[in-house]
There are 2 protein chains.
Amino acid sequence: LVSWVKMTNLMPDPSRRDLLMRQEVSRRTGGRVALTAAEQRLDARLHRLKEQEMSAAQFPPALHFFKAKPLIQRSSIFKLLQKMPKGAALHIHSSSLVGVDWLVENVTYRPHCYVCFTWDNSVRFVFSSRHPFPRWDCFYWQLLETLRAKLKDSAGFDNSLKQHLTLVTEDPDGAYPSQDAVWEKFEKAFIAAAGLITHAPVLRDYYYKGLEELHHDNVMYLELRSGLSRTYELDGTIHDKAWTLKTFQEVTKKFTADHPDFLGARVIVSVHRALSVSEVKAAVKEAIQLQKEFPDVVAGFDLVGREDSGRTLWYFREALSLPAELGATLPYFFHAGETDTEGTDVDQNILDALLFNTTRIGHGYALAHHPLAKELSRESSVAVELCPISNQVLKLVSDLRNHPAAVLMSEGHPMVISSDDPSLFGTTGLSYDFYQAFVGIGGLKSNLGTLKELAVNSISYSSLPAHLKNRAQVMWQNKWDTFIADNA
Amino acid sequence: LVSWVKMTNLMPDPSRRDLLMRQEVSRRTGGRVALTAAEQRLDARLHRLKEQEMSAAQFPPALHFFKAKPLIQRSSIFKLLQKMPKGAALHIHSSSLVGVDWLVENVTYRPHCYVCFTWDNSVRFVFSSRHPFPRWDCFYWQLLETLRAKLKDSAGFDNSLKQHLTLVTEDPDGAYPSQDAVWEKFEKAFIAAAGLITHAPVLRDYYYKGLEELHHDNVMYLELRSGLSRTYELDGTIHDKAWTLKTFQEVTKKFTADHPDFLGARVIVSVHRALSVSEVKAAVKEAIQLQKEFPDVVAGFDLVGREDSGRTLWYFREALSLPAELGATLPYFFHAGETDTEGTDVDQNILDALLFNTTRIGHGYALAHHPLAKELSRESSVAVELCPISNQVLKLVSDLRNHPAAVLMSEGHPMVISSDDPSLFGTTGLSYDFYQAFVGIGGLKSNLGTLKELAVNSISYSSLPAHLKNRAQVMWQNKWDTFIADNA
Ligand SMILES: [Zn+2]
Ligand SMILES: [Zn+2]
């Protein structure tokens with residue numbers, strides 16, 4: 001039959017053609033979402049705006065985000081996305097939660113803040129009631145208050161501090177010629193920020209400020225990956241991980257009391273994949289214990305750090321099967337497939353994350369190249385946490401139209417949008433990443449139904465218990481109805 | 001069940017894990033090819049070499065081809081690919097078949113060759129027995145022989161001529177900041193070469209030389225897309241399309257007589273998608289007629305030119321359904337989906353190509369984003385003609401690991417490898433594109449079975465009648481056996 005059909009050149013039946021086109025669209029993320037009349041009006045407006053942005057001389061998703069950011073800020077689509085209730089942010093790291101402007105302009109101006117410039121062009125901070133001792137990486141600590149008093153160009157100085165705390169630069173291609181180079185700066189910025197954030201009084205304000213930024217961007221719930229680093233007081237007292245979790249719990253409680261339309265936040269305890277098996281075993285046991293102590297706060301466990309230069313999930317298999325051995329449960333939220341080296345041991349992480357019953361997959365950049373893992377994750381409703389700007393800045397892809405998530409979106413694969421490390425990439429909230437997913441990766445066929453499904457997904461794929469999911473959905477729907485009424 | 005499974009953190013059964021990994025590999029292009037002991041030895045060697053190249057400081061598929069080319073030429077994998085019998089080249093355009101070195105160093109040194117430098121920094125050539133008349137785009141023709149006699153730096157001059165005939169440059173990012181810019185140069189180079197190639201005596205040598213380059217790269221059969229431009233003699237006589245087809249037929253016959261291990265060549269008649277519907281109607285009718293006159297030569301019909309700025313297949317639907325109306329048959333070999341603008345009318349070309357029963361899809365760059373079209377093309381065995389270097393140079397993708405064909409390869413989608421416009425991209429034969437597909441797009445999991453399947457595909461998805469396909473397979477298998485014996 002096929003070959004007979006091929007030998008004819010009949011005009012395709014236009015109604016069959018329409019049907020096929022509709023069928024293909026219906027498979028997409030949001031392709032089966034029924035839109036109300038008001039939603040259809042807003043959708044038509046979004047479609048026109050998207051056509052305009054796609055035909056402009058410079059198409060933001062095709063540029064490096066650091067160059068695209070001012071264009072995106074002027075975009076009418078972006079402005080709508082800022083107003084849109086986006087649901088939950090399910091993939092953000094605690095050390096990169098708050099914009100560097102606040103860190104420098106607020107935190108480094110607090111009393112007792114010391115700075116040290118290291119030999120490898122990095123920076124360290126510490127709060128201390130007396131002059132800090134020299135450390136292996138820091139011989140000469142200066143009190144910032146004293147240093148600033150001597151400086152003429154304090155704005156320039158503050159700017160240089162910010163440069164140490166973020167990847168943002170005017171010349172990303174020159175500054176980061178390779179993945180190695182950008183990851184090196186990435187790790188440096190993390191270490192630089194640590195001295196500020198792990199100061200106990202700062203942590204409290206920092207968390208609050210982070211929730212504020214999300215709330216301001218119309219995000220209503222957060223799952224934060226955190227290593228729960230020990231925090232310190234001015235006198236050198238050190239707090240343990242339970243203290244950090246308790247602080248997190250208290251600050252969240254205060255924030256939701258101040259902002260009743262914010263649902264809350266939970267923590268995914270994370271350890272670095274550079275650790276040894278026995279260290280990860282200890283961390284898994286500790287996470288089980290912390291989850292028992294803070295069942296409302298601790299959502300589960302993850303391994304973080306660059307996959308390509310790190311140890312695989314399979315390497316840690318003994319540690320990761322500990323909970324079952326101990327008769328405990330510990331949900332996993334593994335980073336997996338944040339790589340473009342296909343077919344290596346690291347590239348196996350996605351399948352192993354699924355075999356270890358991960359609840360979601362962080363990034364899953366490589367998932368589209370793994371048809372079987374893709375089916376498994378779809379069947380077991382394991383959503384991918386898509387962080388487009390992170391993938392671009394960390395040099396997995398330059399033009400976001402080529403992001404493999406375009407394949408996943410065309411198939412309606414379970415997916416949520418997140419921002420990974422907002423302060424390092426110079427974003428705030430989720431709107432920038434929503435813009436890239438909607439305009440760049442989704443193309444012209446992704447529509448208001450896509451946005452709606454992505455927002456709803458962020459609640460349904462969260463770690464919230466059923467009753468809180470229901471509450472979140474109701475809260476979100478109210479916000480959504482207002483958003484539609486205001487903008488349709 | 002799923003949620004119960006998720007609440008346990010059992011160690012995954014290693015044998016089930018192995019099974020899943022093998023199942024996933026078996027879906028890949030070449031994943032079910034059984035390798036002989038000798039093939040397995042060569043495969044192991046290829047695997048080691050690939051691991052080395054993937055961990056080197058510079059990974060050629062991640063670089064622009066113009067910068068990667070010298071690295072690829074030094075690659076041991078590339079040297080093996082050059083020796084490997086690759087089967088057929090199914091997607092090459094006649095105006096870009098032969099390297100520019102030969103065009104400049106041989107053709108432009110022939111007598112009666114005139115050159116003209118245009119106001120828009122391009123060049124025109126014409127052979128003429130007397131001084132050519134000024135044309136709208138060319139006021140001042142100079143005889144190359146006379147001009148060269150006056151020049152001091154003839155090597156530099158020849159080099160400048162070559163620059164006009166190819167896209168190759170040391171600074172591709174600077175020279176071609178956008179798709180528009182690179183396509184503009186693309187069209188200019190085509191026009192520049194036309195005056196040389198359409199000179200009747202040159203065309204004969206040019207075809208022969210083109211077949212020689214393919215044969216030298218261990219390619220044994222060609223399907224050439226050609227507009228069958230009218231050719232001219234020194235005295236101004238113009239030949240029609242039938243003359244060109246006849247010349248092609250004769251040259252092919254001579255070449256196969258001189259090289260009995262070369263199977264032959266066929267032509268896919270191509271017209272530009274800038275034409276009107278009535279012009280394409282006339283072209284379709286003419287192609288039907290030419291196929292009747294030259295059934296062994298004419299394989300079918302295609303529309304060429306940049307899709308993003310051109311008319312869609314659906315726009316030409318009346319013309320494309322003409323054959324059936326006329327009771328004739330005309331196989332189609334449509335370029336479709338050579339675009340990264342998702343969801344536009346142009347992005348619809350792939351589905352329409354399938355609805356018009358295309359025999360293969362040229363490029364199909366966007367196919368991975370069209371799940372339904374992907375299924376249709378798989379079910380009806382419509383192979384994608386993958387031309388990785390073309391897609392990179394024409395700025396659809398920068399790092400070839402992000403080429404969407406990685407998805408297609410992971411699913412074993414029907415596929416062949418070709419070179420599109422070798423002289424414009426500075427390639428010769430298929431080995432460069434095989435390198436990119438094998439090392440860059442295929443990743444570490446693609447192996448000798450992948451290469452074997454791709455080569456076999458090129459014969460089975462060709463337009464050859466069954467008896468010639470069989471002959472080609474036997475010829476290819478003999479070459480392959482020798483290749484394995486020599487290199488295992
Ligand atoms: Zn992350
Ligand atoms: Zn082509």
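Reading the values: rules and limits
Residues numbered from 1 in each chain as written. Chains lettered and ligands numbered in written order. Predicted model: local features only at pLDDT ≥ 70, side-chain atom pairs only at ≥ 80, totals over all residues. Heavy atoms only, no water. Donors = N, O, S within 2.8 Å, 3.2 Å for Na, K, Ca; no water. Tetrahedral: all angles 85-135°; square planar, octahedral: opposite > 155°, others 65-115°. Helix = DSSP H or I, 4+ residues; strand = E, 2+ residues; numbered from the N terminus. Buried < 20%, exposed > 50% of the residue type's maximum accessible area, 1.4 Å probe, protein only. Contact = heavy atoms within 4.5 Å. Buried area = accessible area lost by both parts, 1.4 Å probe. Salt bridge = Lys/Arg side-chain N within 4 Å of Asp/Glu carboxyl O. Disulfide = S-S within 2.5 Å. Pairing = 2+ DSSP bridges. Axes fitted to C-alpha atoms, helices over the stretch in contact; angles between N-to-C directions. Least-squares fit on C-alpha atoms with pLDDT ≥ 70 in both.

In this section: the coordination of the zinc ion (ligand 2). All names here are of chain B. Looking at the zinc ion (ligand 2), the protein donor atoms are H91 (NE2), H93 (NE2), H335 (NE2) and D420 (OD), and they sit 2.1 to 2.2 Å from it. Because the angles between the 4 donor atoms bound to the zinc ion (ligand 2) fall within 83 to 170°, the donor set is best described as irregular. In primary-sequence terms, the residues that donate to the zinc ion (ligand 2) follow H-x1-H-x241-H-x84-D. With H335 in strand β10 (residues 332-336) and D420 in the loop between β13 (415-417) and α20 (422-425), this pair connects stretches of sequence that are 85 residues apart. An identical accessibility class is assigned to H335 and D420; each is buried.

Before going further, it helps to spend a moment on the interface of chain A and chain B. In this complex, chain A contributes 70 residues to the contact, which on the side of chain B involves 70 residues. Buried surface at the junction of chain A and chain B, both sides included, amounts to about 6100 Å², of which 55% is carbon and sulfur. Counting every contact that joins chain A to chain B gives 10 salt bridges. Residue R28 of chain B pairs with E342 of chain A through a salt bridge whose shortest N-O separation is 3.4 Å.

It is worth spelling out the state of the cysteines at this point. Residue and element names in this part refer to chain A. Per the stated rule, a full pass over the model turns up 2 disulfides over all chains. Shown here is the disulfide that connects C116 with C138, its sulfur atoms set 2.4 Å apart. The S-S bond linking C116 to C138 shows a torsion near -115°; that makes this disulfide left-handed. With a gap of 22 residues between them, C116 in strand β2 (residues 113-117) and C138 in the loop between β3 (123-127) and β4 (142-143) connect regions that are remote in the sequence. You'll find C116 and C138 in the same group, each marked buried. Of all cysteine sulfurs in the structure, the one in C116 sits closest to C113, which takes part in no disulfide; the separation is 12 Å. In this structure C113 comes out as buried when scored by relative accessible area, which is 1%.

Another point: the pattern of salt bridges. Counting across every chain of the model gives 50 salt bridges over all chains. Between R17 of chain A and D352 of chain B there is a salt bridge; the shortest N-O distance is 2.5 Å. Here R17 of chain A is found in helix α2 (residues 14-27), whereas its partner D352 of chain B is found in helix α16 (residues 349-355) on a different chain. The exposure class assigned to D352 of chain B is buried, which follows from its relative accessible area of 0%. R135 of chain A serves as the salt-bridge partner of D137 of chain A, at 3.3 Å between the closest nitrogen and oxygen.

A few words now on the coordination of the zinc ion (ligand 1). Residues and elements named next belong to chain A. Protein coordination of the zinc ion (ligand 1) is provided by H91 (NE2), H93 (NE2), H335 (NE2) and D420 (OD), with donor distances spanning 2.1 to 2.2 Å. For the zinc ion (ligand 1), the 4 donor atoms in the first shell make angles of 84 to 170° at the metal, so the coordination geometry reads as irregular. Donor residues for the zinc ion (ligand 1), ordered by position in the chain, follow H-x1-H-x241-H-x84-D. Of the two residues, H91 sits in strand β1 (residues 87-93) while H335 sits in strand β10 (residues 332-336), which places them 244 residues apart along the sequence. With a relative accessible area of 4%, H335 lands in the buried category.

Turning to the sheet that holds strand β2 (residues 113-117) of chain B, a few remarks are in order. All names here are of chain B. Here 3 strands make up an open sheet; going across it, the order is β3-β2-β4 and the pairing antiparallel. Where the open sheet ends on each side, the last strands, each with one partner, are β3 (123-127) and β4 (142-143). Pairing of β2 with β4 involves 2 bridges; the strand directions are antiparallel. By the bridge assignment, V115 is partnered in β4 with Q142. Sheet strands in contact with helix α8 (residues 154-165) are β2 and β3, and its direction is about 105° off that of β3. Strands in contact with helix α10 (residues 179-197) are β2 and β3; relative to β3, the strand with the most contacts, it is inclined by about 10°.

Residue and element names in this part refer to chain A. Strand order across the open sheet formed by 3 strands is β3-β2-β4, with antiparallel pairing between neighbours. For this open sheet the edge positions go to β3 and β4, each flanked by a neighbour on one side alone. Across the sheet, helix α10 (residues 179-197) touches β2 and β3, and the angle it forms with β3 is around 10°.

In summary, the two copies of the chain are related to each other by a rotation about an axis coupled with a shift along it. Once chain A has been moved 0.0 Å along the axis and rotated by 180°, it coincides with chain B to within an RMSD of 0.0 Å. What the rotation and shift describe, once combined, is the action of a two-fold rotation axis. Among all residues of chain A, the one whose C-alpha sits closest to the rotation axis is N402 of chain A, at a distance of 3.2 Å. A share of 100% of the interface residues of chain A reappears at the interface of chain B, consistent with the copies meeting face to face through the same patch.

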